[in-house]
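So you can see what is in the structure, the chains are spelled out below.
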Amino acid sequence: DLIMLRTAVLCALIATAAAFSAAPMSGLQLRSGKTAMTMKSEGPMAAMNANVAKALAPAVAAFSVAAPAFAEGTGEALGVDDGRLLVPLVLIPVFVALLYGNFASTQDNEDFFDTYDQRRK
């Protein structure tokens, strides 16, 4: 009984691995006989552009790694796949911030803990 279960699990694993293998490619040519086109610029601007590219590389790498986190599987910014959803997404935090700003401006700036003496250690 246990041997039968192990055999079934092994067959399922083999079938799963076979499902993820690449299909055989017969008659397809992956590379063409032509050489790839290359572009090369010369002069002082080329050196400056290379330096700028080297300086921007860490920032581009950081943003490209973080970008999928903001898409949330939809492929759209902030996970919003319908433009109408951007209105509440922007207006609600702005409204709350305005309310809090108004509330905070009406509050007195006295110490809440009035019995606390800051000179005490």
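Since the model is a prediction, treat every value here as computed from it, not as a measurement.

1. A look at the overall build of the protein chain
Logical step 1: Assigned secondary structure in the protein chain consists of three helices and zero strands.
Logical step 2: When the helices and strands of the protein chain are placed in sequence order, the string is α-α-α.
Logical step 3: Every one of the 121 residues in the protein chain was classed for burial, and the buried ones make up 3%.

2. Some details on the pattern of salt bridges
Logical step 1: Scanning the entire structure with this criterion turns up one salt bridge.
Logical step 2: Its salt-bridge partner being arginine 84, residue aspartate 82 comes within 2.7 Å of it at the nearest N-O pair.

3. Thoughts on the packing of aromatic side chains
Logical step 1: One pass over the full model with this rule turns up one aromatic pair.
Logical step 2: Aromatic side chains tyrosine 100 and phenylalanine 103 sit 6.4 Å apart centroid to centroid with 45° between the ring planes, which places their arrangement in the tilted category. Taken together, the residues span about one helical turn, with tyrosine 100 and phenylalanine 103 both in helix 3 (residues 86–106) at a distance of three residues.

4. Details of the confidence of the model for the protein chain
Logical step 1: Per-residue confidence for the protein chain gives a mean pLDDT of 76, with 59% of residues at or over 70.
Logical step 2: Across the protein chain, the secondary-structure element scoring lowest on mean pLDDT is helix 2 (residues 44–71), at 72, and the one scoring highest is helix 3, at 91.

5. Looking at a nonpolar patch on the surface
Logical step 1: Together, Leu86, Val87, Leu89, Val90, Leu91, Val94 and Leu98 make up an exposed nonpolar region whose accessible area comes to about 620 Å².
Logical step 2: Examined against the element boundaries, valine 90 turns out to sit in helix 3.

Basis of the calculations
- Residues numbered from 1 in each chain as written.
- Predicted model: local features only at pLDDT ≥ 70, side-chain atom pairs only at ≥ 80, totals over all residues.
- Heavy atoms only, no water.
- Helix = DSSP H or I, 4+ residues; strand = E, 2+ residues; numbered from the N terminus.
- Buried < 20%, exposed > 50% of the residue type's maximum accessible area, 1.4 Å probe, protein only.
- Salt bridge = Lys/Arg side-chain N within 4 Å of Asp/Glu carboxyl O.
- Phe/Tyr/Trp six-rings, centres within 6.5 Å; stacked < 30°, edge-to-face > 60°.
- pLDDT = per-residue confidence, 0-100.
- Patch = residues over 30% accessible without salt bridge, like charges linked within 9 Å, V, L, I, M, F, W, Y side chains within 5 Å.
- Areas by Shrake-Rupley, 256 points an atom, 1.4 Å probe, with all protein chains shown as cover.

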